[in-house]
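Understanding the architecture of this molecule
Letter by letter, the chains look like this.
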Amino acid sequence: MRRSPGAMLLRWSGRAVVAAILLFVLLPGVVVAISAFNDRAILQFPPQSWSLRWFWRAFSYADFAKGFWNGLTVTVWASSIALLIGSAFACAIHRYQFVLRDLLEGILLSPLIIPHYTIGLGMLILASQTNVGRGFPLVIFAHVVMVLPFVMRSTYISLQNLDTRLELAASSLGATPLRILFTVTIPLLIPGLLSGWLFAAILSFNEFTATLFVSSQATQTLPVAMYNYVREFADPTLAALSVIYIVVTATLLTVANSFLGLGKILNVDAH
Amino acid sequence: MNTRPFLGWFVSPAGLVAMGLLAAMLAVFQYSVRTYVPGTLEVGGFTWANFEAMLRPLYAMAFWNTVLICFETAVFTLFLAYPLAYALVRTSSPALRSFILIVSVTPLFLGEVVRTYSWMIVLGNNGFLNTVLLKLGLLDRPVQMMFTAGGVIAALVHVTMPIMVIMLAAALSHIDRNYEKAAESLGAGPIRIFMTITLPLSMPGVVAGFSTAFAWTFSAFATPQLIGGGRVSTVSTLIYQLGFSSFNFPFAASLSIVGLALSLAVIALLKKAASPLERMAGTT
C-alpha cells in the first residue's frame, strides 16, 4: 500500500514525539548514573574525574545497610500478609454476595486515593493512643494497608481469566471444597498471585511518605534513610545507591516481563 | 453455608485490616478537633480552633498552591503520557513494545525519593540542564530551577507518568479496532479517525488517569519538600512541619482532613464534568 507524503510525515513526527517523551523519562536515570561515578564530593555536571568511591560509601554507610535490612523485613512480611489477606478477600468478592461486601471493598481500596501522609499520621496517633509504639508491627501493618489494593487488583485479573469449569469438574468427581481450593483453584491462580506479591513487595520496599510517619530511628527503611541522607549531605553517595536501585528494579521487571508478561499483569495488552 | 465454603475465613482477616484503617482515620478526625498542648504529645479538650486557623492567608495559600500544582502536573502528565500509551498499545514490534513498557513502568517502582533525588541533579545550579544550556550558549548564567514551582512540577510529572501511561494504555487496548477500520474504509484520514473515534473512546481512561494523577500529586511529599526546599509550600509539607517540628498533631490532623476532603471533591468534580464524555464512550 502506498502512503501519501502527509501520512508519512505524520508517522515520523509521531515517532519523534514518542522518542522525545521516552528521553524525558530516561533522562534523570542517565544523569544520576553519570553523577555516581564523579570523583568529587559535590554534585557537578559533567564530572571532571571518575571513581567508584561513592559506591563503596553507599555500601559501607551504616544507616543504609540497616535501612536495607529493615526494609527487607517489612517488605517480606507486609507483602506476604497482604497476599494472603488480599487474595482471599478478592476471591470472596469475586464469587459471593455478603453483608458489608461493597463497604469493606471500598475501605480496603481507599488507600489508593487517601494521601499516604494522612494514613501515616492516623496510624501514628492510633499507636500513641494505644501505646503500641513505633516498632515493626506498626510499620508492617501500615504497609499491608497500602499494598492491599494492588494485590486485590492482580487477583481480580487472574480470577477473571480462571476457567471455573475446572472447579465444577473437580466437584462433580467428588472433590471436597478444601481439596478443590488446594489442587485446582490455587495452582491456577499462582502466576497472578506471584506477580501480585512481587508488585506489592517492590511498592512496599519503596514506600516513603507513610513510613516516614510511622517508623522510628530503629525501624527506618531504606527510602527514609535516603531521605535523611539527602537532607544532611550533598555528595554523590545517593547517586550511587540510586544507580543500584534502578539496575535492580529494571532487572526484576524485565524478568517479570519475560516470565509472567508485564502487559497482562497491568491489563494493557491489546485484544 | 455449604454453597459458600471458607467465606468467613476469606473475609474476616480483611475485615480486621479494614477496621484498623478505619480506626486510624477516626484517630485523625478525633485529633483534628482537639486543643494543641505545646511541648507534649498529649492533646487537650474539644475545639474548632484548628479549622478556624486554616482560614489564615498562609494556610489558604498552601491549599490553593497545592491544587494549582496538582492540576498543572496532571495536565502535563496527560499530554506526555498519551502518545506513550498510544505507541505502547499500537506498535507492531514486540521488542519495541517491551522496551516502552519497561521504560515507562520502571520509574513507578523506584519510589519518590530516588526519582526526586535524580531531578535534583538535573535541575541544580551546577546540574545537567544548566550545564547543557550554558555549553550550548543558550544561557549566560545558571537559571534557578531548584526551589521553584516549575521544578517541582517537572519532577512530579515524572513521578505520575507511569500510572497515567498504564491507565491510558488499559483504555486504549480495549478499543475495538473495527471502528477505526470502518472509518478508514469510509475515507477518513488518520487525524480525523483519532479525533472522532480513538480519542472519544479512550475518555474513560483519560478521566481515570487524570484523577489518579491528581490524587497522587496531592499526596506527594518528598518531591515538594526536597525540590521546593521549603519555598514551595504544599499541604503535605505543612503537615510534616507541623507534626515533626512543632509536634502540633491536632493542627496537622485538621490540615490533612481538609486536604483529603479537597482532593476527593476535586476528583468527584472531575468525574462529574467528564460524565457526558464517558457516556459517549459507553454507548459503543
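Before any of the text, the structure's been laid out above.
Notes on the structure follow. Everything numeric in this text was worked out from a predicted model, so none of it was measured. (Residues numbered from 1 in each chain as written. Chains lettered and ligands numbered in written order. Predicted model: local features only at pLDDT ≥ 70, side-chain atom pairs only at ≥ 80, totals over all residues. Heavy atoms only, no water.)

Attention now moves to the interface of chain B and chain A. Opposite the 87 residues of chain B that make contact, chain A presents 87 residues. For the pair chain B and chain A, the two sides together bury roughly 7,700 Å², of which 81% comes from carbon and sulfur. When the area that chain B buries against chain A is broken down by residue, the three leading residues are F10(B), F109(B) and Y117(B), summing to 10%. The interface formed by chain B and chain A holds zero salt bridges in total. Between chain B and chain A we count four residue pairs in polar contact (both at pLDDT 80 or more) in total. (Contact = heavy atoms within 4.5 Å. Buried area = accessible area lost by both parts, 1.4 Å probe. Salt bridge = Lys/Arg side-chain N within 4 Å of Asp/Glu carboxyl O. Polar contact = N/O pair within 3.5 Å; in protein donor to acceptor, adjacent residues only side chain to side chain.)

In this section: unusual backbone geometry. Residue and element names in this part refer to chain A. Residue L100 is not a glycine yet carries a positive backbone phi of 65°. Here L100 lies in the loop between α3 (62-95) and α4 (101-109). Relative accessible area serves as the criterion here: at 53%, L100 is assigned to the exposed category. (Helix = DSSP H or I, 4+ residues; strand = E, 2+ residues; numbered from the N terminus. Buried < 20%, exposed > 50% of the residue type's maximum accessible area, 1.4 Å probe, protein only.)

What follows covers the environment of F141(A). Within the element layout of this structure, F141(A) appears in helix α6 (residues 136-160). Each C-alpha atom of the pair F141(A) and V214(A) lies 10.0 Å from the other, and the pair is 73 residues apart in sequence. Sequence-distant contacts of F141(A), defined by excluding residues within four places in its chain, comprise M123(A), V17(B), G20(B) and L21(B).

With that settled, consider helix α1 (residues 5-36) of chain A. Each α-helix winds once per 3.6 residues, and so residues spaced three or four apart point in a common direction. Residue and element names in this part refer to chain A. The end-to-end C-alpha distance of α1, which contains 32 residues, comes to 45 Å, matching closely the 46 Å that a straight helix rising 1.5 Å per residue would cover. Of all the bends in α1, the greatest, near 40°, is centred on L26, and the proline P28 appears no more than four residues after it. Among the residues making up α1, those that are buried are V18, I21, L22, V25, P28, V31, V32, S35 and A36. (Expected span 1.5 Å × (residues − 1). Bend = angle between axes of the 7 residues up to and from the residue.)

On their own, these measurements won't tell you what the molecule is for.
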